[in-house]
Amino acid sequence: MLNRSRRLRTSAAMRNLVAETDLRPRHLIQPHFVQPQSGSSEIASLPGILRASVEDTVRQVEQDLKRGLASVLLFGVPDAESKTPDGRYACDHNGVIPVAVRALKKAFGADLIVMTDVCLCGCTSHGHCGVVDEHGVVRNDETLPILAEMALRHAEAGADVAAPSDMMDGRVAAIRDLLDANGYTNTSILSYAIKHAGAYYGPFRDAADSSPKFGDRRSYQMDPRNAREGLQDALLDVDEGADMLMVKPALPNLDLIWRLREAQLAPICAYHVSSEFSSVKAADRLGWVNGDQLMFEHLIAIRRAGADMIVSYAGREAVEKGWIS
Ligand code: PBG
Ligand code: ZN
(Lines give C-alpha, C1' and ligand atoms only; values in the text may rest on other atoms or scores of the structure.)
(Ligands and ions follow the chains in the order given, each with its own letter.)
Protein backbone atom coordinates (compact mmCIF):
# COMPACT_ATOMS: atom_id res chain seq x y z
CA MET A 1 0.00 0.00 0.00
CA LEU A 2 1.49 3.31 -1.08
CA ASN A 3 -0.83 5.59 0.80
CA ARG A 4 -1.22 5.09 4.52
CA SER A 5 -2.60 8.20 6.21
CA ARG A 6 -2.19 6.43 9.54
CA ARG A 7 1.57 7.02 9.26
CA LEU A 8 0.93 10.60 10.33
CA ARG A 9 -1.16 9.50 13.31
CA THR A 10 1.35 7.19 14.94
CA SER A 11 2.33 9.34 17.94
CA ALA A 12 1.15 12.44 19.75
CA ALA A 13 4.23 14.30 18.49
CA MET A 14 3.50 13.31 14.89
CA ARG A 15 -0.17 14.27 15.26
CA ASN A 16 0.88 17.62 16.68
CA LEU A 17 3.25 18.16 13.80
CA VAL A 18 0.50 17.87 11.20
CA ALA A 19 -2.37 19.41 13.20
CA GLU A 20 -4.14 22.04 11.08
CA THR A 21 -6.04 23.91 13.77
CA ASP A 22 -5.38 24.84 17.33
CA LEU A 23 -7.21 26.34 20.25
CA ARG A 24 -5.29 28.70 22.51
CA PRO A 25 -6.35 31.02 25.30
CA ARG A 26 -5.90 33.93 22.90
CA HIS A 27 -8.76 32.59 20.78
CA LEU A 28 -11.24 32.76 23.65
CA ILE A 29 -13.38 35.58 24.98
CA GLN A 30 -14.82 35.06 28.46
CA PRO A 31 -18.37 36.36 29.05
CA HIS A 32 -19.19 38.02 32.39
CA PHE A 33 -22.53 38.93 33.95
CA VAL A 34 -21.99 41.98 36.12
CA GLN A 35 -24.45 43.18 38.74
CA PRO A 36 -24.57 46.46 40.65
CA GLN A 37 -24.97 44.72 44.02
CA SER A 38 -22.04 43.36 46.01
CA GLY A 39 -21.31 39.65 46.16
CA SER A 40 -21.78 36.91 43.58
CA SER A 41 -24.04 33.97 42.91
CA GLU A 42 -23.69 31.04 40.54
CA ILE A 43 -26.18 30.86 37.67
CA ALA A 44 -27.99 27.53 38.04
CA SER A 45 -28.31 26.88 34.30
CA LEU A 46 -24.71 27.94 33.53
CA PRO A 47 -22.58 25.85 35.91
CA GLY A 48 -19.46 27.70 37.03
CA ILE A 49 -20.61 31.08 35.70
CA LEU A 50 -21.46 33.84 38.16
CA ARG A 51 -23.52 36.94 38.36
CA ALA A 52 -20.80 38.97 40.00
CA SER A 53 -20.25 42.38 41.52
CA VAL A 54 -17.78 44.72 39.84
CA GLU A 55 -15.19 43.89 42.51
CA ASP A 56 -15.59 40.14 42.09
CA THR A 57 -15.47 40.52 38.32
CA VAL A 58 -12.12 42.32 38.56
CA ARG A 59 -10.81 39.50 40.79
CA GLN A 60 -11.95 36.81 38.36
CA VAL A 61 -10.42 38.63 35.39
CA GLU A 62 -7.13 38.95 37.24
CA GLN A 63 -6.95 35.16 37.61
CA ASP A 64 -7.94 34.57 33.99
CA LEU A 65 -5.44 37.08 32.66
CA LYS A 66 -2.59 35.27 34.44
CA ARG A 67 -3.54 32.18 32.46
CA GLY A 68 -3.67 34.00 29.14
CA LEU A 69 -7.37 34.68 28.87
CA ALA A 70 -7.10 38.31 27.84
CA SER A 71 -10.53 39.23 26.45
CA VAL A 72 -13.88 39.65 28.16
CA LEU A 73 -17.42 40.32 26.96
CA LEU A 74 -19.51 42.12 29.58
CA PHE A 75 -23.27 41.86 30.09
CA GLY A 76 -24.98 44.06 32.67
CA VAL A 77 -27.60 42.65 35.00
CA PRO A 78 -29.37 45.72 36.40
CA ASP A 79 -31.89 45.60 39.28
CA ALA A 80 -35.55 45.15 38.38
CA GLU A 81 -36.20 48.74 39.60
CA SER A 82 -33.78 50.16 37.01
CA LYS A 83 -35.76 48.73 34.09
CA THR A 84 -38.00 51.06 32.04
CA PRO A 85 -39.85 50.75 28.71
CA ASP A 86 -37.11 52.76 26.93
CA GLY A 87 -34.22 50.99 28.70
CA ARG A 88 -32.62 54.32 29.61
CA TYR A 89 -30.46 52.67 32.29
CA ALA A 90 -28.33 51.49 29.34
CA CYS A 91 -27.19 55.11 28.85
CA ASP A 92 -26.48 55.89 32.51
CA HIS A 93 -22.91 57.12 33.11
CA ASN A 94 -22.93 55.26 36.40
CA GLY A 95 -24.67 52.15 35.16
CA VAL A 96 -23.08 48.85 36.06
CA ILE A 97 -21.27 48.43 32.72
CA PRO A 98 -19.55 51.85 32.59
CA VAL A 99 -18.53 51.33 36.24
CA ALA A 100 -17.21 47.83 35.50
CA VAL A 101 -15.33 48.97 32.38
CA ARG A 102 -13.64 51.79 34.29
CA ALA A 103 -12.63 49.38 37.07
CA LEU A 104 -11.24 46.80 34.62
CA LYS A 105 -9.34 49.38 32.60
CA LYS A 106 -7.93 50.92 35.78
CA ALA A 107 -6.74 47.50 36.93
CA PHE A 108 -5.45 46.02 33.67
CA GLY A 109 -5.17 48.80 31.08
CA ALA A 110 -4.16 47.66 27.61
CA ASP A 111 -3.42 44.09 28.76
CA LEU A 112 -7.13 43.31 28.72
CA ILE A 113 -9.54 43.61 25.79
CA VAL A 114 -12.88 44.78 27.13
CA MET A 115 -15.87 44.12 24.91
CA THR A 116 -19.36 45.20 25.93
CA ASP A 117 -22.74 43.93 24.85
CA VAL A 118 -24.80 46.69 23.27
CA CYS A 119 -28.47 45.80 23.47
CA LEU A 120 -31.46 47.01 25.46
CA CYS A 121 -33.08 43.73 26.55
CA GLY A 122 -31.38 43.68 29.97
CA CYS A 123 -32.59 47.22 30.65
CA THR A 124 -36.14 47.29 29.26
CA SER A 125 -39.11 46.41 31.46
CA HIS A 126 -40.65 44.37 28.60
CA GLY A 127 -37.41 42.50 27.85
CA HIS A 128 -37.26 43.27 24.13
CA CYS A 129 -34.02 44.40 22.50
CA GLY A 130 -35.48 47.73 21.36
CA VAL A 131 -38.23 50.18 22.23
CA VAL A 132 -41.78 48.92 21.75
CA ASP A 133 -44.80 50.90 20.54
CA GLU A 134 -48.43 50.70 21.75
CA HIS A 135 -49.05 47.76 19.38
CA GLY A 136 -46.17 45.77 20.81
CA VAL A 137 -44.02 46.35 17.72
CA VAL A 138 -40.26 46.73 18.29
CA ARG A 139 -39.39 50.07 16.66
CA ASN A 140 -36.16 50.00 14.70
CA ASP A 141 -35.27 53.65 14.04
CA GLU A 142 -36.40 54.87 17.47
CA THR A 143 -34.02 52.33 19.05
CA LEU A 144 -30.90 53.37 17.10
CA PRO A 145 -30.02 56.59 19.00
CA ILE A 146 -30.38 54.78 22.34
CA LEU A 147 -28.05 51.98 21.22
CA ALA A 148 -25.55 54.52 19.92
CA GLU A 149 -25.62 56.39 23.23
CA MET A 150 -25.18 53.13 25.13
CA ALA A 151 -22.11 52.30 23.03
CA LEU A 152 -20.75 55.82 23.56
CA ARG A 153 -21.08 55.40 27.36
CA HIS A 154 -19.04 52.19 27.11
CA ALA A 155 -16.41 53.86 24.91
CA GLU A 156 -16.15 56.82 27.32
CA ALA A 157 -15.54 54.35 30.13
CA GLY A 158 -12.69 52.80 28.12
CA ALA A 159 -14.20 49.83 26.32
CA ASP A 160 -12.12 48.53 23.41
CA VAL A 161 -14.95 46.91 21.48
CA ALA A 162 -18.70 47.58 21.32
CA ALA A 163 -20.65 44.44 20.43
CA PRO A 164 -24.20 45.23 19.30
CA SER A 165 -26.41 42.13 19.61
CA ASP A 166 -29.81 43.81 19.25
CA MET A 167 -30.33 43.06 15.52
CA MET A 168 -31.84 46.44 14.63
CA ASP A 169 -31.06 47.51 11.05
CA GLY A 170 -28.58 50.35 10.69
CA ARG A 171 -27.22 50.19 14.22
CA VAL A 172 -23.61 49.72 13.18
CA ALA A 173 -23.69 52.99 11.22
CA ALA A 174 -25.51 54.78 14.06
CA ILE A 175 -22.92 53.60 16.60
CA ARG A 176 -19.93 54.33 14.32
CA ASP A 177 -21.20 57.86 13.61
CA LEU A 178 -21.73 58.77 17.25
CA LEU A 179 -18.42 57.25 18.38
CA ASP A 180 -16.52 59.12 15.65
CA ALA A 181 -18.33 62.40 16.35
CA ASN A 182 -17.13 62.14 19.94
CA GLY A 183 -13.55 61.28 19.11
CA TYR A 184 -13.76 57.53 19.75
CA THR A 185 -12.45 56.63 16.32
CA ASN A 186 -10.41 53.72 17.70
CA THR A 187 -13.23 51.97 19.53
CA SER A 188 -14.03 48.88 17.45
CA ILE A 189 -17.38 47.38 16.58
CA LEU A 190 -17.99 43.65 16.70
CA SER A 191 -21.33 43.31 14.98
CA TYR A 192 -23.67 40.35 15.35
CA ALA A 193 -23.98 39.85 11.62
CA ILE A 194 -25.68 36.48 11.96
CA LYS A 195 -27.84 35.84 14.98
CA HIS A 196 -30.63 33.36 14.74
CA ALA A 197 -33.83 33.41 16.78
CA GLY A 198 -34.81 30.35 18.77
CA ALA A 199 -34.26 28.25 21.85
CA TYR A 200 -30.46 28.40 22.03
CA TYR A 201 -30.31 31.35 24.43
CA GLY A 202 -32.45 29.98 27.27
CA PRO A 203 -29.82 29.80 30.05
CA PHE A 204 -28.48 33.23 29.09
CA ARG A 205 -31.88 34.78 29.56
CA ASP A 206 -32.04 33.29 33.07
CA ALA A 207 -28.61 34.73 33.75
CA ALA A 208 -29.33 38.19 32.40
CA ASP A 209 -33.01 38.28 33.35
CA SER A 210 -33.71 39.37 29.78
CA SER A 211 -36.57 37.21 28.49
CA PRO A 212 -39.22 39.09 26.52
CA LYS A 213 -42.36 39.50 28.65
CA PHE A 214 -44.56 39.03 25.56
CA GLY A 215 -44.04 37.61 22.08
CA ASP A 216 -40.60 36.51 20.88
CA ARG A 217 -37.62 37.94 19.03
CA ARG A 218 -38.48 36.61 15.56
CA SER A 219 -39.23 40.06 14.12
CA TYR A 220 -35.61 41.11 14.60
CA GLN A 221 -33.41 38.03 15.03
CA MET A 222 -32.89 35.87 11.94
CA ASP A 223 -34.81 32.85 10.78
CA PRO A 224 -32.63 29.73 11.28
CA ARG A 225 -33.86 28.45 7.91
CA ASN A 226 -31.87 31.21 6.19
CA ALA A 227 -28.22 31.41 5.25
CA ARG A 228 -27.99 33.86 2.32
CA GLU A 229 -29.81 36.46 4.37
CA GLY A 230 -27.05 36.35 6.96
CA LEU A 231 -24.30 36.73 4.39
CA GLN A 232 -26.07 39.77 2.94
CA ASP A 233 -26.38 41.30 6.39
CA ALA A 234 -22.71 40.68 7.05
CA LEU A 235 -21.86 42.70 3.92
CA LEU A 236 -24.11 45.52 5.05
CA ASP A 237 -22.53 45.54 8.51
CA VAL A 238 -19.05 45.81 7.03
CA ASP A 239 -20.24 48.66 4.79
CA GLU A 240 -21.61 50.41 7.86
CA GLY A 241 -18.26 50.14 9.63
CA ALA A 242 -18.18 46.82 11.47
CA ASP A 243 -14.60 45.76 12.25
CA MET A 244 -15.43 42.18 13.22
CA LEU A 245 -18.41 39.91 12.64
CA MET A 246 -20.21 37.66 15.10
CA VAL A 247 -21.95 34.41 14.17
CA LYS A 248 -24.33 32.96 16.74
CA PRO A 249 -25.10 30.29 17.81
CA ALA A 250 -21.85 28.63 16.72
CA LEU A 251 -22.30 24.90 16.09
CA PRO A 252 -25.58 25.18 14.18
CA ASN A 253 -23.89 27.76 11.93
CA LEU A 254 -20.60 26.14 10.96
CA ASP A 255 -21.70 26.47 7.34
CA LEU A 256 -22.05 30.22 7.73
CA ILE A 257 -18.77 30.60 9.58
CA TRP A 258 -17.12 28.79 6.69
CA ARG A 259 -18.85 30.90 4.05
CA LEU A 260 -17.99 34.15 5.83
CA ARG A 261 -14.39 33.00 6.09
CA GLU A 262 -14.36 32.41 2.33
CA ALA A 263 -15.83 35.88 1.75
CA GLN A 264 -12.85 37.38 3.63
CA LEU A 265 -14.79 40.35 4.97
CA ALA A 266 -13.42 40.76 8.48
CA PRO A 267 -12.25 38.70 11.47
CA ILE A 268 -14.94 36.27 12.55
CA CYS A 269 -16.04 35.68 16.08
CA ALA A 270 -18.36 32.76 16.88
CA TYR A 271 -20.52 32.73 19.98
CA HIS A 272 -20.69 29.29 21.57
CA VAL A 273 -23.90 30.23 23.32
CA SER A 274 -25.39 29.38 26.68
CA SER A 275 -27.31 26.26 25.73
CA GLU A 276 -24.43 24.85 23.70
CA PHE A 277 -22.36 25.11 26.90
CA SER A 278 -25.10 24.06 29.32
CA SER A 279 -26.15 20.96 27.41
CA VAL A 280 -22.58 19.66 27.58
CA LYS A 281 -22.52 20.41 31.31
CA ALA A 282 -25.86 18.72 31.90
CA ALA A 283 -24.87 15.57 30.03
CA ASP A 284 -21.55 15.52 31.90
CA ARG A 285 -23.36 15.73 35.24
CA LEU A 286 -25.54 12.81 34.22
CA GLY A 287 -22.38 10.85 33.52
CA TRP A 288 -23.33 10.45 29.87
CA VAL A 289 -20.38 12.24 28.26
CA ASN A 290 -16.89 13.41 29.08
CA GLY A 291 -17.76 17.10 29.34
CA ASP A 292 -14.25 18.58 29.07
CA GLN A 293 -13.43 16.52 26.02
CA LEU A 294 -16.77 17.22 24.35
CA MET A 295 -16.43 20.94 25.06
CA PHE A 296 -12.98 20.94 23.46
CA GLU A 297 -14.38 19.13 20.42
CA HIS A 298 -17.11 21.77 20.10
CA LEU A 299 -14.60 24.60 20.25
CA ILE A 300 -12.06 23.04 17.88
CA ALA A 301 -14.81 22.39 15.32
CA ILE A 302 -15.75 26.06 15.48
CA ARG A 303 -12.11 27.04 14.95
CA ARG A 304 -11.79 24.56 12.08
CA ALA A 305 -14.85 26.05 10.39
CA GLY A 306 -12.98 29.35 10.30
CA ALA A 307 -13.70 31.33 13.46
CA ASP A 308 -10.78 33.51 14.50
CA MET A 309 -12.13 33.81 18.03
CA ILE A 310 -14.84 32.27 20.17
CA VAL A 311 -16.97 33.66 22.95
CA SER A 312 -17.17 30.73 25.33
CA TYR A 313 -18.43 30.15 28.87
CA ALA A 314 -15.88 27.33 29.02
CA GLY A 315 -12.90 29.69 28.73
CA ARG A 316 -12.09 29.99 32.42
CA GLU A 317 -12.43 26.29 33.13
CA ALA A 318 -10.36 25.41 30.07
CA VAL A 319 -7.38 27.48 31.20
CA GLU A 320 -7.86 26.68 34.90
CA LYS A 321 -7.90 22.93 34.39
CA GLY A 322 -5.22 23.25 31.73
CA TRP A 323 -7.05 21.50 28.92
CA ILE A 324 -5.89 24.38 26.79
CA SER A 325 -2.82 26.51 27.35
C1 PBG B 1 -28.84 40.01 24.13
C2 PBG B 1 -28.06 38.77 23.97
C3 PBG B 1 -28.50 37.44 24.06
C4 PBG B 1 -27.36 36.65 23.95
C5 PBG B 1 -26.27 37.49 23.77
N6 PBG B 1 -26.73 38.81 23.77
C7 PBG B 1 -29.83 36.89 24.32
C8 PBG B 1 -30.91 37.04 23.34
O9 PBG B 1 -30.71 37.52 22.22
O10 PBG B 1 -32.03 36.72 23.71
C11 PBG B 1 -27.35 35.15 24.04
C12 PBG B 1 -26.07 34.53 24.46
C13 PBG B 1 -26.16 33.15 24.99
O14 PBG B 1 -27.17 32.43 24.88
O15 PBG B 1 -25.15 32.72 25.55
N16 PBG B 1 -29.44 40.46 22.96
ZN1 ZN C 1 -31.10 41.91 23.41
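Reading the values: rules and limits
Residues numbered from 1 in each chain as written. Chains lettered and ligands numbered in written order. Predicted model: local features only at pLDDT ≥ 70, side-chain atom pairs only at ≥ 80, totals over all residues. Heavy atoms only, no water. Helix = DSSP H or I, 4+ residues; strand = E, 2+ residues; numbered from the N terminus. Rg over C-alpha atoms; globule rule 2.2 N^0.38 Å. Buried < 20%, exposed > 50% of the residue type's maximum accessible area, 1.4 Å probe, protein only. Contact = heavy atoms within 4.5 Å. Phe/Tyr/Trp six-rings, centres within 6.5 Å; stacked < 30°, edge-to-face > 60°. Lys NZ or Arg CZ within 6 Å of the ring centre and 35° of its normal. UniProt positions renumbered as here; feature names shortened; annotations may be inferred. Polar contact = N/O pair within 3.5 Å; in protein donor to acceptor, adjacent residues only side chain to side chain. Donors = N, O, S within 2.8 Å, 3.2 Å for Na, K, Ca; no water. Tetrahedral: all angles 85-135°; square planar, octahedral: opposite > 155°, others 65-115°. Salt bridge = Lys/Arg side-chain N within 4 Å of Asp/Glu carboxyl O. Near = heavy atom within 4 Å. Areas by Shrake-Rupley, 256 points an atom, 1.4 Å probe, with all protein chains shown as cover. Nonpolar A, V, L, I, M, F, W, Y, C, P; charged D, E, K, R; others polar.

A. Structural view of the overall build of the protein. Within the protein one finds 11 helices and 10 strands. Over its C-alpha atoms the protein spans a radius of gyration of 20 Å, differing by no more than 12% from the 20 Å that the globule rule assigns to 325 residues. Dimensions along the principal axes, computed over C-alpha positions, put the protein at roughly 70 × 45 × 40 Å. The buried share among the 325 residues of the protein stands at 53%. A separation of at least 24 residues holds for 74% of the contacts in the protein among residues at least 6 apart in sequence.

B. View of the packing of aromatic side chains. In total, this model carries seven aromatic pairs according to the counting rule given. On the numbers, 6.1 Å between centres and 45° between planes, the contact of Y271 with Y313 is tilted. Taken as a pair, Y271 in strand β9 (residues 268–272) and Y313 in the loop between β10 (309–312) and α11 (315–320) lie far apart in primary sequence, 42 residues in all. Given a relative accessible area of 2%, Y271 falls into the buried group. Following the ring pairs from residue to residue traces out a cluster consisting of F33, F75, F204, Y271, F277 and Y313. Positioned over the ring face of Y201 is K195, at 5.6 Å from the centre of the ring. Seen from the ring of Y271, K248 lies directly overhead, with NZ or CZ sitting 5.0 Å from the centre.

C. Highlighting the UniProt feature "binding site: 5-aminolevulinate 1" (unreviewed entry) in the protein. According to UniProt, the feature "binding site: 5-aminolevulinate 1" (unreviewed entry) maps to R205 and R217 in the numbering used here. Classification of R205 by relative accessible area gives buried; the value is 15%. Setting aside residues up to four positions removed in sequence, R217 forms contacts with C121, G127, H128, C129, A197, R205, S210, S211 and P212. A polar contact of 2.8 Å, which involves the side chain of R217, links it to the backbone oxygen of G127.

D. View of the UniProt feature "binding site: Zn(2+)" (unreviewed entry) in the protein. The sites that carry the UniProt feature "binding site: Zn(2+)" (unreviewed entry) are, in the present numbering, C119, C121 and C129. Inspection of the secondary structure puts C119 in the loop between β5 (113–118) and α4 (140–157). Once residues within four sequence positions are removed from consideration, C119 is found in contact with C129, L147, M150, S165 and D166. Summarising the element assignment, C121 is placed in the loop between β5 and α4. What makes C121 buried here is its relative accessible area of 10%. Contacts of C121, omitting those with residues within four sequence positions, involve G127, H128, C129, S210 and R217.

E. Local environment of the coordination of the zinc ion (ligand 2). Protein coordination at the zinc ion (ligand 2) comes from C119 (SG), C121 (SG) and C129 (SG), with a distance range of 2.2 to 2.3 Å. Coordination at the zinc ion (ligand 2) comes from four donor atoms whose angles at the metal span 99 to 119°, giving a geometry best classed as tetrahedral. Taken in chain order, the donor set of the zinc ion (ligand 2) reads C-x1-C-x7-C. The two residues C121 and C129 agree in class, both being buried.

F. Fine view of the environment of S82. The topology assignment puts S82 in the loop between β4 (71–76) and α3 (96–108). Sequence separation of S82 and G122 is 40 residues, and the distance between their C-alpha atoms is 9.9 Å. Not counting residues up to four positions away in its chain, the partners in contact with S82 are Y89 and C123.

G. Just the pattern of salt bridges, in detail. One pass over the structure, following the stated rule, counts 21 salt bridges. When the shortest N-O distance is used, the salt bridge between D56 and R59 registers 2.5 Å. Here D56 and its partner R59 are both found in helix α2 (residues 54–66), three residues apart, which amounts to about one turn of the helix. Relative accessible area serves as the criterion here: at 17%, D56 is assigned to the buried category. In this structure, D292 and K321 form a salt bridge, with 3.2 Å as the shortest nitrogen-oxygen distance. One end of the pair, D292, is in helix α10 (residues 291–305); the other, K321, is in the segment after α11, with 29 residues separating them in the sequence. With relative accessibility at 26%, the residue D292 sits in the partly exposed group.

H. How the structure looks around the site of ligand 1. The environment of ligand 1 is made up of 18 residues, and the closest members are K195, R205, K248, S274 and Y313. Between an oxygen atom of ligand 1 and a side-chain N or O atom of K195, the distance comes to 2.7 Å. Within the contact set of ligand 1, an oxygen atom lies 2.7 Å away from a side-chain nitrogen or oxygen of S274. When the free accessible area of ligand 1 is taken as 400 Å², the share hidden by the protein chains comes to 100%. Broken down by class, the residue content of the shell around ligand 1 amounts to 10 nonpolar, three polar and five charged.

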